[in-house]
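Examining the three-dimensional arrangement
Read off the chains here:
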Amino acid sequence: MVLVLALGDLHIPHRAPDLPPKFKSMLVPGKIQHIICTGNLCIKEVHDYLKSLCPDMHVTRGEYDEDSRYLETKTLTIGQFKLGVCHGHQVIPWGDLDSLAMLQRQLDVDILVTGHTHQFKAYKHEGGVVINPGSATGAYSSITYDVNPSFVLMDIDGLRVVVYVYELIDGEVKVDKIDFKKTATTNSAH
Amino acid sequence: MLKGKLKLPEAARRAFPDRLGSLVMGFDDKDDENGGSDLVFGSGEELETFQPNGFGLDRESDEDEEHKPSDDSDLRIRQRSDKDGASSVSVSEIIAADEKRSDIAFELSQKEINLEKLQRLASLGLPDGGGLRATAWKLLLGYLPASRDLWEKELTENRLKYAKLKEELLLSPAEYTRRKTEALDAMEQDVDSPADGPLTRQEISQEDHPLSLGKASAWHKYFQDTEIAEQIDRDLQRTHPDLKFFSGDSSLSRKNREAMRSILLLFAKLNPAIRYVQGMNEVLAPIYYIFSTDTDEQNAENAEADSFCCFVRLLSDSVDHFCQQLDNSSVGIHSTLSRLVELLKANDEELWRHLEFTTKVNPQFYAFRWITLLLTQEFNFHSIMRIWDTLLSNTFGVQEMLLRVCCAMLLCIKSRLLSGDFAANLKLLQHYPEINIEHLLQVAQDLSPDTSSFRLSM
C-alpha cells in the first residue's frame with residue numbers, strides 16, 4: 001500500500017500565494033511515501049515545503065521553475081507500476097492525448113503524469129494511463145482563468161491503483177476515486 | 001545387579017529426606033550465591049564424583065533384565081557426562097526431575113484436573129520440553145477449564161474469536177476497500193475492459209480517502225495505529241537478541257515477530273486506555289515461546305491465538321501498573337512498590353533500614369522493572385520459565401508471589417547490599433547477579449506472609 005502524491009503547477013509566488021488552507025491541513029507528513037511534481041513550483045521554498053511532507057520527491061522542470069537543475073522527464077518504478085513524469089509544455093499540442101501517448105511510449109511507462117493545462121484529467125489511452133493532477137493552487141493558465149485547485153493521491157497496491165482526486169470546488173474539498181488494474185498485456189502494445 | 005558403584009543413590013536416599021530434588025539442586029549449581037545460602041556443601045561434592053557411571057547403570061539395570069546393554073550404556077553415560085560436565089547435573093536431580101515429569105504428566109492426563117494439586121506441583125518447577133509446561137500454564141491462567149472434555153470446545157471457540165478480532169481490527173484500509181469493491185466487481189462482467197477514454201470517477205465520502213482527518217475514518221485510525229505499530233516493531237527487534245526464535249532474519253523469527261506484532265497491536269487497540277507500553281513484548285515472549293514449542297502440533301499452530309488470550313489474562317492483574325494516571329492511586333505501581341518495602345521490613349528489618357535510610361535506594365529505581373515486566377529482564381530465558389512456573393502457580397495470584405520473589409531477591413544478596421553505598425547498590429540491583437533459582441524461590445516461599453495482601457485476598 002504505497003501512497004504517492006501527484007501535484008504541480010503551483011506557480012507560487014507569481015500567480016498564487018500558497019496552497020489552499022484546506023489542502024494544506026490535509027497534507028501532513030508521515031502518510032505519503034512518494035511525491036511526484038509535474039513542475040512550475042516555482043521557488044525553492046515550495047520545494048522545501050513539499051520535501052518536508054515526504055523525503056522522496058521527484059520533480060520535473062516547468063517553464064517557470066527557477067531551479068534549472070530539474071530534469072525534463074523522469075521515470076520511476078513503484079511496486080508493479082512504471083510511472084513517468086513530465087511537465088507537458090514540451091508536448092505539442094498541449095494536452096493532446098496522441099502526443100502524450102507518444103511520450104508515454106518513449107518513456108515506456110504505465111502511468112504518465114503531466115501538467116501544464118491546469119485541468120484535472122485521467123485517461124486510459126492506447127494501453128497506458130495519463131493523469132493530469134491539475135493545479136494545486138488553482139493558478140490561472142495560458143488557456144483559461146477558470147481553474148479549480150486540485151491534486152491527486154495514488155494508492156498503489158500490487159497490480160491495482162486507486163486514484164483519489166482532491167478538488168476544491170466552491171470552497172469545499174471534494175474527493176473522487178478512480179480504480180484501475182494493470183493487465184498483463186498492457187506493456188506489449190506497440 | 002547391584003554393584004559397588006550403586007551405593008550412591010541408596011546413600012543419597014538414606015541421607016536425605018523426601019524433598020531430595022530441591023535440596024540437591026540447592027547447592028549443586030555452580031552459579032550459587034554463596035552469601036545467602038546456609039545449606040551444607042559436603043554431600044554435594046560426593047554426589048558429583050559418583051555421577052558418571054553410577055546413575056546410568058542404576059537406571060539401565062532397572063529397565064532391562066540383562067547385563068549386555070550395560071556396556072553401551074556405560075559409553076553413552078560417559079559421553080553424556082562429558083556434555084553435562086559444565087552444568088554438573090547430579091544423579092538424584094535427574095531422578096527427581098523424571099519423577100516430577102511423570103507426576104505432572106499424570107496429573108494433566110486426568111479427566112478432571114485438580115487445580116490445587118497442579119498448583120503445588122507446578123510451584124516446584126515444570127519440566128522443559130514437551131507440551132507439559134504449555135498445558136500447565138494454560139490451566140493455571142484459567143484459559144483451559146479444569147475438565148478435559150471442555151478443552152476442545154473452549155480452544156476452538158477462543159481461536160475463532162481471535163481470528164475474527166484480527167480480521168476486524170487489523171485490516172488495512174486498502175485491503176478493506178479492495179474487498180468491498182471486489183465484491184461489487186464480481187457482479188459486473190466488464191470491469192477490465194480495455195476501452196480507451198476518460199476513466200470513470202466515483203464520488204466518495206469525506207471519510208474514505210487516505211488524507212482524511214475525520215475521527216471515524218478508517219484511514220485516520222490506520223495512520224494512528226501505524227505509530228503504535230512502529231514502536232511495537234522497534235521493541236520486537238530488540239526482544240531476546242540472543243535467541244534465534246525471536247531475532248535474526250530467518251523466516252521463523254520473522255513469522256514469530258509478525259505473530260507477536262499482531263497480538264500486541266490487537267491488545268493496544270482493544271485497550272485504548274493503556275495502548276502499548278514498552279516492555280509488553282517481554283511479557284509476551286515467554287508465553288508465545290512456550291506455546292509455539294508445544295509438541296502437540298495443533299497447539300503449536302494456534303500458538304498465536306492462545307498466547308493472545310493468555311497474555312490478556314496474565315496482564316489483567318497488573319494492567320493498572322501500566323496506566324500512568326493510576327501511578328499514585330491505591331492500585332498503581334507506587335502502591336505496589338510500597339507493599340514490597342513493607343514486605344521487606346516485615347522480614348528483614350536490618351536490610352530494610354539500610355536500603356531505606358542509610359543508602360536511600362528507593363524501590364522505584366530498581367523494582368519498577370521487576371514488577372511491571374514480571375522479572376523477564378533480570379534473568380536468562382531459562383530461569384524466567386522456572387520463575388514463572390512458581391508465579392503462575394501461586395494460589396493467591398501472580399502479584400503476591402511476585403512481591404515475594406522480589407523480596408527474596410533482595411534478601412539473597414543481603415551481604416553485598418549491606419556493604420554497599422547508594423551507587424554500588426543501585427548498580428547491583430539494576431543488573432541483578434546470577435543466582436541459584438531454586439534457592440531464590442525457596443526463600444520466597446518461606447517468607448512470612450505480607451499482611452496487607454492477605455487482607456485483600458480475604
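Before going into details, it helps to say that this report is about the structure given with it. All of these numbers come straight from a predicted model, not from anything done at the bench.

1. Remarks on the sheet that holds strand S1 (residues 197–198) of chain B
- Read across the sheet, 6 strands follow the order S4(A)-S5(A)-S6(A)-S8(A)-S7(A)-S1(B) without closing on themselves; strand pairing throughout is mixed. Strands at the two margins of the open sheet, each flanked by one partner only, are strand S4 (73–78) of chain A together with S1 of chain B.
- Relative to strand S5 (residues 81–86) of chain A, S4(A) runs antiparallel, the two being bridged by 6 bridges. Bridge pairing links Ile78(A) to Phe81(A) in S5(A).

2. A closer look at a nonpolar patch on the surface
- There is a patch of nonpolar side chains on the surface, built from Ile92(A), Trp94(A) and Ile143(A) and spanning about 360 Å² of accessible area.
- Counting through the fold element by element, Ile143(A) comes out in the loop between strand S8 (128–133) and strand S9 (150–157).

3. Observations regarding the nonpolar core
- By size, the foremost hydrophobic cluster in this structure holds 103 residues, and its most contacted members are Phe311(B), Trp370(B) and Phe379(B).
- Here the element with the most residues in this core is helix H19 (residues 398–412) of chain B; it accounts for 12 residues.
- Discounting chain neighbours no more than four positions away, the residues touching Trp370(B) are Leu375(B), Glu378(B), Leu402(B), Cys406(B), Met409(B), Leu410(B), Leu429(B) and Tyr432(B).
- Among the nonpolar cores identified, the runner-up in size contains 34 residues, and Leu10(A), Ile43(A), Val46(A) and Val173(A) belong to it.

4. Some points on the pairing of strand S7 (residues 120–125) of chain A
- With 6 bridges joining them, S7(A) and S8(A) adopt antiparallel strand pairing. Each residue of the ladder has a partner; that of Lys124(A), found in S8(A), is Val129(A).
- With antiparallel pairing between neighbouring strands as the criterion, S7(A) and S8(A) make up a hairpin whose turn holds 2 residues, including Glu126(A) at a positive phi of roughly 50°.
- The sheet contact formed by S7(A) and S1(B) spans 2 bridges and is antiparallel.

5. So, the packing of aromatic side chains
- Within this structure, the stated rule accounts for 21 aromatic pairs over all chains.
- When the ring of Tyr289(B) is compared with that of Phe381(B), the centres are 4.9 Å apart and the planes differ by 85°; the resulting orientation is edge-to-face. Of this pair, Tyr289(B) sits in helix H12 (residues 280–292) while Phe381(B) sits in helix H18 (residues 381–392), and the two are 92 residues apart along the sequence.
- With relative accessibility at 12%, the residue Phe381(B) sits in the buried group.
- Here a set of aromatic residues connected by ring pairs shows up, and it is made of Phe245(B), Phe246(B), Tyr288(B), Tyr289(B) and Phe381(B).
- Sitting above the plane of the Tyr49(A) ring, Lys24(A) keeps its charged end 4.8 Å from the centroid.

6. Structural notes on unusual backbone geometry
Residues and elements named next belong to chain A.
- Between Ile 12 and the following residue, Pro 13, the backbone shows a cis peptide bond with an omega angle of 5°.
- Among the secondary structure elements, Pro 13 is positioned in the loop between strand S1 (2–7) and helix H1 (21–26).
- Even without being a glycine, His 116 presents a positive backbone phi close to 80°.
- Within the secondary structure layout, His 116 lies in the loop between strand S6 (111–113) and S7.

7. Digging into the pairing of strand S2 (residues 34–37) of chain A
Residue and element names in this part refer to chain A.
- Neither face of S2 is left uncovered, since the one carrying His 34 and Ile 36 and the one carrying Ile 35 and Cys 37 both have all their residues buried.
- Bridge count between S1 and S2: 4 bridges; the pairing is parallel. Across the sheet, residue Leu 7 finds its bridge partner in S2, namely Cys 37.
- Crossover connection from S1 via H1 to parallel S2: handedness right-handed.

8. Description of the sheet that holds strand S10 (residues 160–169) of chain A
- In space, the 7 strands of this open sheet follow the order S3(A)-S2(A)-S1(A)-S9(A)-S10(A)-S11(A)-S2(B), with mixed pairing throughout. Whereas interior strands pair on both sides, the edge strands pair on one side only; in this sheet they are strand S3 (57–59) of chain A together with strand S2 (202–203) of chain B.
- Sheet analysis places S10(A) next to strand S11 (residues 172–181) of chain A, joined by 10 bridges and oriented antiparallel. Bridge pairing in S11(A) links Val163(A) to Ile178(A).
- Sheet strands in contact with helix H2 (residues 44–53) of chain A are S1, S2 and S3 of chain A, and its direction is about 145° off that of S3(A).

Rules used in this analysis
Residues numbered from 1 in each chain as written. Chains lettered and ligands numbered in written order. Predicted model: local features only at pLDDT ≥ 70, side-chain atom pairs only at ≥ 80, totals over all residues. Heavy atoms only, no water. Pairing = 2+ DSSP bridges. Helix = DSSP H or I, 4+ residues; strand = E, 2+ residues; numbered from the N terminus. Patch = residues over 30% accessible without salt bridge, like charges linked within 9 Å, V, L, I, M, F, W, Y side chains within 5 Å. Areas by Shrake-Rupley, 256 points an atom, 1.4 Å probe, with all protein chains shown as cover. Salt bridge = Lys/Arg side-chain N within 4 Å of Asp/Glu carboxyl O. Core = buried A, V, L, I, M, F, W, Y, C linked by side-chain atoms within 4.5 Å. Buried < 20%, exposed > 50% of the residue type's maximum accessible area, 1.4 Å probe, protein only. Contact = heavy atoms within 4.5 Å. Phe/Tyr/Trp six-rings, centres within 6.5 Å; stacked < 30°, edge-to-face > 60°. Lys NZ or Arg CZ within 6 Å of the ring centre and 35° of its normal. Right-handed = clockwise from strand over helix to strand, strands pointing away. Axes fitted to C-alpha atoms, helices over the stretch in contact; angles between N-to-C directions.

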